[in-house]
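Listed below are the residues making up each chain.
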Amino acid sequence: MILTTRTIGLLVTMAVVTGGAVWGVHALIASAGDAGSDYGLDTNGNGKFEWLVVEAQVSLPAAGTWEIYADLSTDKAPATGACGIGVPRPWPMMQTSTVYGPIAWTNERYFFPAGSQTVRMSFDGTEIARAGVGGPYAVHARLALGGMPYMGIPTVEPIRSDGFVEWNYTTRAYAVGDFEPPVRTAFFTGGHTDSAVDVDADGLADFLELTADVHVNTAAHYSLYGTLSKTSGSDAIRSIAYAYRDFNLTTDDTKVFLRFRGDQLRQAGLDGPWDFALTLFGPLDPPVVGIGPPTGGLLRPVPVSYPEMLCGSTRAYRAADFDDTVEFLRYTGRFEESTPDRDGNGKYDALVVRAEVDVLLGAGFAVSGVLRPVGGSPELARATGQLWLRDGVQWVEFVFPGPQIRGSGVDGPYEATLSITPGPSGIDPTTTYITKAYRAADFDNESLGTRGYWISNVTATPTGSNLAIAVGVTRGPDMLAVVFEDSLEVRVTNAAGTTVGLFQAKVVLASSGTEEPFAFSVGGLSAGRYTVTVILGPVSRPVDMQTVVVTV
């Protein structure tokens, strides 16, 4: 078979994009020999190798800038399997041998003159340690003059027929413990349990709850993703269900859990045991970064988080024992109500009813509420919105616009019908709540819009002649992919109304459910009463405003 330069370029490109999986392209490009050397490099003097350095002796046919891509593989998989270490195995469709990998890779670009050259390649020792397999290691390097023809990146035609060199090499024996171990902020310790959960006691399970033991070295915010699958037939693997949640972990031995939806398990129609795969990411802020596998033909792998993974199997279950309608949340029975006057004109801008809910499965929800007279049917006002709720107990706000209530002319108390509908289908929990008595005329005839963020707390603590002020601004659980920005003004006045302290700050709320704290201090105060006024947004039309009176 005669290979054209375009065919060779395509084969090399496919080899790069597939992450160096071992397949037939190796035999189609002429080898440059296997002369070389290797050694471990300890750069910080801790006795562990941060790098495995490999030096290749190659003969280059022409001078120019050469692109070097090399990967490191082994002849055996780790005892714990790919899932246990978080290193992806090669694509099965491309695998024709027992080689496992790549477990590490490098991509460099240098200018070389023609003739015999020493090409130095360095592999990250932490990646080798994460693989959990000792050497010898197989090194496969590809050198391309002027850069490889990556997919989506145009190349100058024609591609030189002598512009490709392949080099294969086997390193000396190394132990996994020779290399720098990764920083493990949290990891699975191996223990896990699973159980079917029937929330509504109807005899059918709403969730399969999977719990895993975790040791946490760094207290932070983490996310957990999981899948359930089952082998169907000789080789086919069927996806059964998936789940995700995020949470804060403290430094300790603890447990994390996921709830897999019963309707997904029932619809799959495959009885357990099911194979599960859990992936733990974090800390999410700041991220722990490593080097991920090449994707999409990028010249250099992009930084990604080092995940921790756990695989195993559940106990035996019948798919028919799970419910086809899942209850995502339940009301706890606690309610609150408020009538904010954001512009300070003495009229209520809205009637806000807050319902406490226990979210059993985090998801997106549509919120709707209808306000009617007690015992009556006419609709007086309506509240609508969308939000994302995480697992756990929390408050959901239903904001009924003041102008609608005023326009109805009907005095309270009112009956509020509250509904929270999960986006991924499931039971729509609805409840009713009777408000306090209000006069319709006490509501404003002009709306400032629905509040998406507010002042969540204000404290003023005197110490001697000093006053420490703490303010928190919270963004609600919306589903908007935008950043909220506004102004914050804090004014301190004495009993005579004279301003003794004035502060201004910028509020930036990047995502749903976030809180931004602020701290201010006023010194040299004389004994007496002081008023702290906090204004969020423009002074003429504030989003929220709170005052605190304190004695120094």
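To be clear, the structure that these remarks concern was listed above.
Residues numbered from 1 in each chain as written. Predicted model: local features only at pLDDT ≥ 70, side-chain atom pairs only at ≥ 80, totals over all residues. Heavy atoms only, no water.

Trainee: Hey, could you run me through the nonpolar core in this one?
Mentor: Side chains that are nonpolar tend, in soluble globular proteins, to be buried together. Counting 34 residues, the largest nonpolar core has Leu351, Phe398 and Phe400 as the members making the most contacts within it. Where this core is concerned, the elements lending two or more residues are β17 (329-338), β18 (350-359), β19 (363-373), β20 (381-389), β21 (392-401) and β22 (414-422). In terms of residues, this core owes the most to one element, β18, which gives 5 residues. Those residues within four positions of Phe400 in sequence are excluded, and the remaining contacts are Ala350, Leu351, Val353, Gly369, Val370, Leu371, Ala381, Arg382, Ala383, Ile405, Ala416 and Leu418. Listed in part, the 30 residues of the second largest apolar core include Leu228, Ile240, Ala241 and Leu280. (Core = buried A, V, L, I, M, F, W, Y, C linked by side-chain atoms within 4.5 Å. Buried < 20%, exposed > 50% of the residue type's maximum accessible area, 1.4 Å probe, protein only. Helix = DSSP H or I, 4+ residues; strand = E, 2+ residues; numbered from the N terminus. Contact = heavy atoms within 4.5 Å.)

Trainee: Please explain the pattern of salt bridges as it appears in this structure.
Mentor: Pairs may arise between side chains of opposite charge once their charged atoms sit close together. Within this structure, the stated rule accounts for 20 salt bridges. Across the salt bridge formed by Asp71 and Arg142, the nearest N and O atoms sit 2.5 Å from each other. Separated by 71 residues along the polypeptide, Asp71 in strand β3 (residues 64-74) and Arg142 in strand β6 (residues 138-145) bring together distant segments of the chain. A cluster of three or more residues bridged by salt bridges with shared partners is formed by Glu336, Arg354 and Glu397. (Salt bridge = Lys/Arg side-chain N within 4 Å of Asp/Glu carboxyl O.)

Trainee: Before we go on, may I ask you to explain the sheet that holds β3 in this structure?
Mentor: The pairing of strands in a sheet comes from backbone hydrogen bonds and takes either a parallel or an antiparallel form. A sheet is described by the order of its strands in space; here 4 strands give the open sequence β4-β3-β6-β7, paired in antiparallel fashion. Edge strands, defined here as strands with exactly one partner in the open sheet, are β4 (100-112) and β7 (164-170). Pairwise comparison of adjacent strand axes, ignoring direction, gives a mean angle of 15 degrees for this sheet. As paired strands, β3 and β4 are joined by 10 bridges and run antiparallel to one another. By the bridge assignment for β4, Thr65 is matched with Phe111. (Pairing = 2+ DSSP bridges. Axes fitted to C-alpha atoms, helices over the stretch in contact; angles between N-to-C directions.)

Trainee: Mind showing me how you'd approach the side chain of Glu50 here?
Mentor: Inspection of the secondary structure assignment puts Glu50 in the loop between β1 (36-41) and β2 (51-60). In this structure Glu50 is buried but unpaired, with Lys48 as the nearest side chain of opposite charge at 9.5 Å. The contact partners of Glu50, leaving out residues within four places of it in the chain, are Leu41, Asp42, Thr43, Asn44, Phe123, Asp124, Gly125, Thr126 and Glu180. (Lys, Arg positive; Asp, Glu negative; His and termini not counted.)

Trainee: Can you help me understand unusual backbone geometry in this one?
Mentor: Trans is the prevailing form of peptide bonds, just as negative phi is the prevailing case for residues other than glycine. Residues Gly135 and Pro136 are joined by a peptide bond in cis, for which omega reads 10 degrees. Locating Pro136 in the fold gives a position in the loop between α3 (125-131) and β6. That bond from Gly282 to Pro283 is cis: its omega, -5 degrees, falls within 30 degrees of zero. With respect to the helices and strands, Pro283 occurs in the loop between β13 (275-281) and β14 (289-291). One non-glycine residue, Ala201, lies in the positive phi region at around 55 degrees. Here Ala201 shows up in the loop between β8 (186-197) and β9 (207-216).

Trainee: Could you clarify how one ought to interpret a nonpolar patch on the surface in this entry?
Mentor: On the surface, Tyr225, Tyr242, Tyr244, Phe281 and Leu284 cluster together into a nonpolar patch covering about 470 Å² of accessible area. Mapped onto the elements, Tyr242 comes out in strand β11 (residues 237-249). (Patch = residues over 30% accessible without salt bridge, like charges linked within 9 Å, V, L, I, M, F, W, Y side chains within 5 Å. Areas by Shrake-Rupley, 256 points an atom, 1.4 Å probe, with all protein chains shown as cover.)

Trainee: I'm lost on the pairing of strand β25 (residues 466-475) in this one. Help?
Mentor: Look at any regular strand and the pattern is simple: side chains alternate between the two faces of the sheet. For β25, the buried fraction is high: 7 of the 10 residues fall into the buried class. Two strands pair when backbone bridges link them, and strand β24 (residues 453-463) and β25 are joined in this way by 10 bridges, in the antiparallel orientation. Counted as the bridge partner of Pro462 is Leu467 from β25. Here β24 hands over to β25 after 2 residues, with Gly464 in that stretch at a positive phi of 65 degrees.

Trainee: Teacher, can you tell me more about the side chain of Thr106 here?
Mentor: As for its position among the elements, Thr106 is in strand β4. Judged by relative accessible area, which is 3%, Thr106 ranks as buried. Among the polar contacts made by the side chain of Thr106, one reaches the side chain of Glu108 at a distance of 3.4 Å. A distance of 3.4 Å separates a polar side-chain atom of Thr106 from the backbone oxygen of Ser122. (Polar contact = N/O pair within 3.5 Å; in protein donor to acceptor, adjacent residues only side chain to side chain.)

Trainee: Before we go on, may I ask you to explain the packing of aromatic side chains in this structure?
Mentor: For any pair of aromatic rings, geometry is given as the distance between the ring centres together with the angle between the planes. Applying the stated rule across the entire model yields 18 aromatic pairs. Between Phe49 and Tyr174, the aromatic rings sit 6.5 Å apart at their centres with planes inclined by 85 degrees, giving edge-to-face as the arrangement. Here Phe49, found in the loop between β1 and β2, pairs with Tyr174, found in the loop between β7 and β8; they are 125 residues apart in sequence, far enough to count as distant. Classification of Tyr174 by relative accessible area gives buried; the value is 7%. Measuring from ring centre to ring centre gives 6.5 Å for Tyr137 and Phe179, while their planes differ by 65 degrees; the resulting arrangement is edge-to-face. Of this pair, Tyr137 sits in the loop between α3 and β6 while Phe179 is found in the loop between β7 and β8, placing the two residues 42 residues apart along the sequence. The buried category is assigned to Phe179, whose relative accessible area is 2%. An aromatic cluster is built from Phe49, Tyr137, Tyr174 and Phe179, whose rings are joined through pairwise contacts. Sitting above the plane of the Phe187 ring, Arg184 keeps its charged end 4.4 Å from the centroid. The ring of Phe484 has Arg475 lying over it, and the distance from NZ or CZ to the ring centre is 3.9 Å. (Phe/Tyr/Trp six-rings, centres within 6.5 Å; stacked < 30°, edge-to-face > 60°. Lys NZ or Arg CZ within 6 Å of the ring centre and 35° of its normal.)

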